Amino acid sequence: TEDIYILALESSCDETAASVNKNGLEVLSNVVSSQVDLHKKFGGVVPEIASRKHLELLLPVIDQALEEAGIRFEDLDAVASTYGPGLVGGLLVTLTAAKTISFSLNIPLIGVNHIAGHIYANFIENPDIEKPLICLTISGGHTDLLYFENLRGYKILGRTLDDAAGEAFDKISRFLELGYPGGPAVEKAARSGDKTAIDFPRADLGDSYNFSFSGLKTSVMNYVNNEEQRGNEIDKNDLSASFQEAVVDSLASNIIKAVKEYDVKSVVLSGGVAANQRLREVISERIEKYNLDLYYPKLELCTDNAAMIGVAAYYQYLEHDFAPLSISADPALKL
Ligand code: KG4
Ligand code: ZN
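Under the annotation held in an unreviewed UniProt entry, the chain carries the name tRNA N6-adenosine threonylcarbamoyltransferase and is attributed to Halanaerobium congolense. You can read under Catalytic activity (unreviewed entry) in the UniProt record for the chain the words "L-threonylcarbamoyladenylate + adenosine(37) in tRNA = N(6)-L-threonylcarbamoyladenosine(37) in tRNA + AMP + H(+)". You can read under Subcellular location (unreviewed entry) in the UniProt record for the chain the words "Cytoplasm".

A. Molecular detail of the sheet that holds strand β2 (residues 15-22). Taken in spatial order, the five strands make up an open sheet running β3-β2-β1-β4-β5, and their pairing is mixed. Of all strands in the sheet, those bounded by a partner on one side alone are β3 (26-34) and β5 (109-113). Each strand axis lies, on average, 20° off the axis of its neighbour in the sheet, ignoring direction. Sheet analysis places β2 next to β3, joined by eight bridges and oriented antiparallel. Bridge assignment links V20 to a residue of β3, and that residue is S29. Relative to the sheet, helix α2 (residues 47-69) contacts β2 and β3, its axis offset from that of β2 by approximately 25°.

B. Quick peek at the packing of helix α7 (residues 182-191) against helix α9 (residues 236-261). One can describe the packing of α7 onto α9 by two numbers: an axis separation of 7 Å at closest approach and a directional angle of 115°. Relative to α9, α7 is oriented roughly perpendicular. When you trace α7 past α9, the crossing you get is left-handed. Contact residues: α7 offers V186, E187, A189 and A190, while α9 offers K236, N237, S240, A241, F243 and Q244. Per-class residue counts for the contact of α7 with α9 are five nonpolar, three polar and two charged.

C. Quick look at the UniProt feature "binding site: substrate" (unreviewed entry) in the chain. The sites that carry the UniProt feature "binding site: substrate" (unreviewed entry) are, in the present numbering, T137, I138, S139, G140, G141, D170, G183, E187 and N276. Looking at where S139 falls in the secondary structure, it is placed in the loop between β6 (133-138) and β7 (143-150). Since 20 C-beta atoms lie within 10 Å of it, S139 is described here as buried. Beyond its immediate stretch of four places on either side in the chain, S139 contacts A164, G166, G271, G272 and V273. Along the chain, E187 turns up in helix α7. Among the residues examined, E187 registers 21 C-beta atoms within 10 Å and is labelled buried. Contact partners of E187, with chain neighbours within four places excluded, come to Q244, N276, Q277 and R278.

D. Focus on the domain arrangement of the chain. The domains assigned to the chain are domain 1 (5-120 + 301-318) and domain 2 (131-296). Relative placement of domain 1 and domain 2: their C-alpha centres are 30 Å apart. Taken together, the contact pairs six residues of domain 1 with 10 residues of domain 2. Only α4 (114-120) and α12 (307-318) provide two or more residues apiece to the side of domain 1 that touches domain 2. Counting residues per element, the side of domain 1 that touches domain 2 draws most heavily on α4, which supplies three residues. A per-class count over the side of domain 1 that touches domain 2 returns five nonpolar, one polar and no charged.

E. Main features of the site of ligand 1. Lining the immediate surroundings of ligand 1 are 17 residues, of which S139, G140, G166, G183 and G272 lie closest. When grouped by side-chain class, the residues that make up the shell around ligand 1 number five nonpolar, nine polar and three charged.

F. Fine view of the nonpolar core. Grouped together as the largest cluster of nonpolar side chains are 100 residues, with contacts concentrated most on I6, A8, A18, A80, A165, A312 and A313. Each of domain 1 (5-120 + 301-318) and domain 2 (131-296) accounts for three or more of the residues forming this core. Setting aside its immediate chain neighbours within four residues, A312 contacts V112, A116, G117 and Y120.

G. The arrangement of the packing of α2 against helix α3 (residues 88-105) in detail. For the pair α2 and α3, interaxial distance at closest approach is 8 Å and the crossing angle is 20°. Taken together, α2 and α3 sit at an angle that is classed as roughly parallel. Like other packed secondary-structure pairs, α2 and α3 cross with a definite hand, here right-handed. Residues P47, E48, A50, S51, H54, L55 and L58 of α2 touch α3, and the partners they reach there are G89, G90, V93, T94 and A97. Residue classes in the contact of α2 with α3 are distributed as six nonpolar, five polar and one charged.

Procedures and definitions
Residues numbered from 1 in each chain as written. Chains lettered and ligands numbered in written order. Predicted model: local features only at pLDDT ≥ 70, side-chain atom pairs only at ≥ 80, totals over all residues. UniProt positions renumbered as here; feature names shortened; annotations may be inferred. Pairing = 2+ DSSP bridges. Helix = DSSP H or I, 4+ residues; strand = E, 2+ residues; numbered from the N terminus. Axes fitted to C-alpha atoms, helices over the stretch in contact; angles between N-to-C directions. Contact = placed C-beta atoms within 7 Å. Parallel < 35°, antiparallel > 145°, perpendicular 65-115°, else oblique. Left-handed = near helix turned anticlockwise from the far one by under 90°. Nonpolar A, V, L, I, M, F, W, Y, C, P; charged D, E, K, R; others polar. Buried ≥ 20, exposed ≤ 12 C-beta atoms within 10 Å, placed from the backbone. Domains from an automatic or database assignment. Near = placed C-beta within 6 Å. Core = buried A, V, L, I, M, F, W, Y, C linked by C-beta atoms within 7 Å.

Here is the structure:
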């Protein structure tokens with residue numbers, strides 16, 4: 001069978017990225033040009049500045065990706081771009097470039113969901129993860145529990161009904177004035193706290209695999225307000241530890257529920273919240289008796305890059321899941 005070369009492009013936030021993937025999982029090049037320093041002084045990503053910078057950086061980044069891979073435009077079998085979710089100005093930069101390349105080389109255009117890219121990032125380092133598997137993808141924008149029979153497709157078992165897991169960490173951190181991003185700040189405070197100090201509720205969503213974190217957020221706020229009214233000191237470390245335990249418990253419980261129902265071989269975590277040590281520890285402990293392996297990606301594949309888009313694109317290529325030239329960016333695209 002013939003080798004498939006895909007050029008993948010990503011600029012949905014503040015990284016301008018291009019990669020060449022061979023047969024999906026083989027990453028020949030993965031160039032990422034970060035704008036972090038450019039936006040730092042504003043305390044966040046400024047969309048207008050970001051899209052102008054993407055426009056400036058994209059062509060040199062594509063040239064570099066092709067050169068490092070030793071591939072010419074005419075060797076490509078397809079071109080892929082993220083088309084959502086993300087900042088619309090940024091999405092349009094790579095999408096327009098990908099359309100142009102597709103049209104001029106007469107090769108298929110593949111539109112990739114950014115979240116699917118984050119999930120497929122796991123398999124770059126560990127292509128031989130035993131399947132079927134359960135994947136929990138948790139970040140500032142989403143909380144999804146997925147079942148993979150093989151790498152060609154997944155089934156969504158559950159998702160959050162309100163806040164994403166990372167969003168809950170960020171909101172509690174802001175409320176307790178612990179800093180940004182919230183996840184690492186809450187985790188740090190929790191390390192010096194007692195996780196059994198306060199018994200916060202876990203959302204009971206019956207038989208579903210869904211998640212809900214807004215009730216927990218309200219309980220934390222009510223707890224703090226009540227204690228303050230009574231004139232009591234708040235121990236932020238105990239509070240952080242008890243909150244974190246409640247989030248981790250809900251995430252782990254759904255994984256265990258899925259593991260019992262589906263006959264799986266592995267459990268995979270992805271997204272920023274997967275960096276949480278307590279989460280990894282609790283999940284490892286709780287899946288041990290089921291004889292499963294736990295995986296999480298290394299940090300540079302957790303953050304935005306084009307190689308992960310190229311992997312997702314390859315599986316779409318196999319299904320002939322191509323996009324028309326009329327495809328638009330979808331800033332609020334769901335999985
Ligand atoms: O995947 P990511 O880098 O970006 C997207 O949201 O797409 O995830 C960022 C989220 C933030 O909400 C951040 O607070 C959370 O991941 N996070 C953590 C930890 N590190 C990052 N949450 C809990 N514990 C951590 N150690
Ligand atoms: Zn991302």
